[in-house]
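As a plain string of letters, each chain reads:
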Amino acid sequence: MKRERSIPIASEGDAAAVFGGDSLMGRLRDAALEVLSPTRCAGCERPGALICEACLSRIEVIDPVHACTRCGAPFGDMLCTECGVASEEASEGESAAAAAPEAPEARAVDRCLAATVFADPVPRIIRTYKDAGERRLGELIAELMLDAAEHAEQAAPESYGGLLRNADAVAFVPVTASAYARRGFDHMELIARSFSELSSLPLVDALAKHGSADQRALGRAGRMERSRDAYEVVAPVGGLRLLLLDDVITTGATMRAAATALRAAGAAHVDALAFARVW
């Protein structure tokens, strides 16, 4: 389902004015950079805006009314087929729970919402942000995520009511030290800081991630194995209702692992919000 968004679309020549820094030096710097290297759309490379109006209109927004509340899939109607099967299997096996107790990460995420489907032009936008270092996209992605969360609260209150309103703070899934050294920034920290400012929710820099491998080339089993015990809680979260942010959900293993660490450290509730869902 497509819906209107509040993100301003910069026309050719005024991108720096819309997305530049607030200080005079920042504006002068951005203006100079705009002359030397004009802003191009992250989705199609058309000059003039970070995300042009044409690409923005092609982003497939997930309808929260039909989304899976467990994994963020776009066509779940509460629970998608995969999560529904898993839930049925868990129910059938309850009598044998003592012999095979449910893993703690299975229910670590209370609810999950994704803003968009991971389809053109979203993958290019994410690659431009993360790998090409176009950091100005962080604020735009944060606004799209906030827009999705606000819409979900209104359109699907039985599923996502209180997603923002009842949250005490925002947390984010961090990158590894090696990824930070390679890129020079933590892409989710920038998104989370913008999200915090836009939503007026406090930001808790709660997690540290161990390991060094990029998970994008791994399959479901590899992602689940790699994510297990990968996160350490480094800030107090006891009793907090947290909204955990990440850029892309593929199998859900990363979100579950991060949420498991937060719940083990005493977080009372963890909802998950992502920019995109692979489907």
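See the structure above.
Presented here is an overview of the structure given in this document. (Residues numbered from 1 in each chain as written. Predicted model: local features only at pLDDT ≥ 70, side-chain atom pairs only at ≥ 80, totals over all residues. Heavy atoms only, no water.)

**Quick look at the overall build of the protein**
Thinking step 1. If you tally the helices and strands in the protein, you get 11 helices and 6 strands.
Thinking step 2. For the protein, the proportion of its 279 residues judged to be buried stands at 49%.
Thinking step 3. Contacts spanning at least 24 positions in sequence make up 73% of the contacts within the protein whose residues lie at least 6 apart.
Thinking step 4. Of the roughly 13300 Å² of accessible surface on the protein, 52% is carried by carbon and sulfur atoms. (Helix = DSSP H or I, 4+ residues; strand = E, 2+ residues; numbered from the N terminus. Buried < 20%, exposed > 50% of the residue type's maximum accessible area, 1.4 Å probe, protein only. Contact = heavy atoms within 4.5 Å. Areas by Shrake-Rupley, 256 points an atom, 1.4 Å probe, with all protein chains shown as cover.)

**Remarks on the state of the cysteines**
Thinking step 1. Applying the stated rule across the entire model yields 0 disulfides.
Thinking step 2. You can see Cys 55 has no disulfide; the closest cysteine sulfur is in Cys 41, sitting 3.7 Å from it. (Disulfide = S-S within 2.5 Å.)

**A word on the sheet that holds strand β6 (residues 269-277)**
Strand pairing in a sheet relies on backbone hydrogen bonds, with the paired strands running either antiparallel or parallel.
Thinking step 1. Read across the sheet, 4 strands follow the order β1-β6-β5-β2 without closing on themselves; strand pairing throughout is parallel. The open sheet has two edge strands with one neighbour each: β1 (111-117) and β2 (169-172). Pairwise comparison of adjacent strand axes, ignoring direction, gives a mean angle of 25 degrees for this sheet.
Thinking step 2. Pairing of β1 with β6 involves 6 bridges; the strand directions are parallel. (Pairing = 2+ DSSP bridges. Axes fitted to C-alpha atoms, helices over the stretch in contact; angles between N-to-C directions.)

**A short note on the pattern of salt bridges**
Thinking step 1. For the structure shown, the criterion picks out 8 salt bridges.
Thinking step 2. Notably, a salt bridge pairs Arg 58 with Asp 120, separated by 2.6 Å at the nearest N-O pair. Here the residue Arg 58 occupies a position in helix α3 (residues 53-58), and Asp 120 occupies one in the loop between β1 and α5 (122-130), the gap between them amounting to 62 residues.
Thinking step 3. For Asp 120, a relative accessible area of 46% gives the class partly exposed. (Salt bridge = Lys/Arg side-chain N within 4 Å of Asp/Glu carboxyl O.)

**Details of the packing of α5 against helix α6 (residues 137-155)**
Thinking step 1. Packing of α5 against α6 brings their axes to within 10 Å, and their N-to-C directions diverge by 135 degrees. Looking at the two axes, α5 sits oblique to α6. Residue-level contacts link Ile 125, Thr 128 and Tyr 129 of α5 to Leu 137, Gly 138 and Ile 141 of α6.
Thinking step 2. Here the residues of the contact of α5 with α6 sort into 4 nonpolar, 2 polar and no charged. (Parallel < 35°, antiparallel > 145°, perpendicular 65-115°, else oblique. Nonpolar A, V, L, I, M, F, W, Y, C, P; charged D, E, K, R; others polar.)

**Looking at the packing of α6 against helix α9 (residues 187-199)**
Thinking step 1. Where α6 meets α9, the closest approach of the two axes is 8 Å, and the angle between their N-to-C directions is 55 degrees. Taken together, the axis directions place α6 and α9 in an arrangement best described as oblique. For the element pair α6 and α9, the recorded crossing hand is right-handed. Contacts between α6 and α9 involve Gly 138, Glu 139, Ile 141, Ala 142, Glu 143, Met 145 and Leu 146 from the first element and Ile 191, Ser 194, Phe 195, Leu 198 and Ser 199 from the second.
Thinking step 2. Residues that form the contact of α6 with α9 fall into these classes: 7 nonpolar, 3 polar and 2 charged. (Left-handed = near helix turned anticlockwise from the far one by under 90°.)

**Describing the nonpolar core**
Thinking step 1. Grouped together as the largest cluster of nonpolar side chains are 71 residues, with contacts concentrated most on Leu 137, Phe 195, Leu 244, Leu 245 and Leu 262.
Thinking step 2. A total of 9 residues in this core trace back to one element, the largest contributor, which is α6.
Thinking step 3. Every residue in contact with Leu 245, bar those within four places of it in the chain, is listed here: Met 145, Val 170, Ala 171, Phe 172, Val 173, Met 188, Ala 192, Phe 195, Met 255 and Leu 273.
Thinking step 4. Counting 5 residues, the second-largest nonpolar core is a separate cluster that includes Cys 68, Cys 71, Ala 73 and Cys 83. (Core = buried A, V, L, I, M, F, W, Y, C linked by side-chain atoms within 4.5 Å.)

**Quick look at unusual backbone geometry**
Thinking step 1. Across the junction of Asp 120 and Pro 121, the peptide omega takes the value 10 degrees, indicating a cis bond.
Thinking step 2. In this structure, Pro 121 sits in the loop between β1 and α5.
Thinking step 3. Of note, Glu 45 is a non-glycine position whose phi angle comes to about 70 degrees, a positive value.
Thinking step 4. Within the secondary structure, Glu 45 sits in the loop between α2 (24-36) and α3.
Thinking step 5. In this structure, Ser 200 is a non-glycine residue whose phi angle is positive, near 65 degrees.
Thinking step 6. For Ser 200, the location among the structural elements is in the loop between α9 and β3 (207-209).

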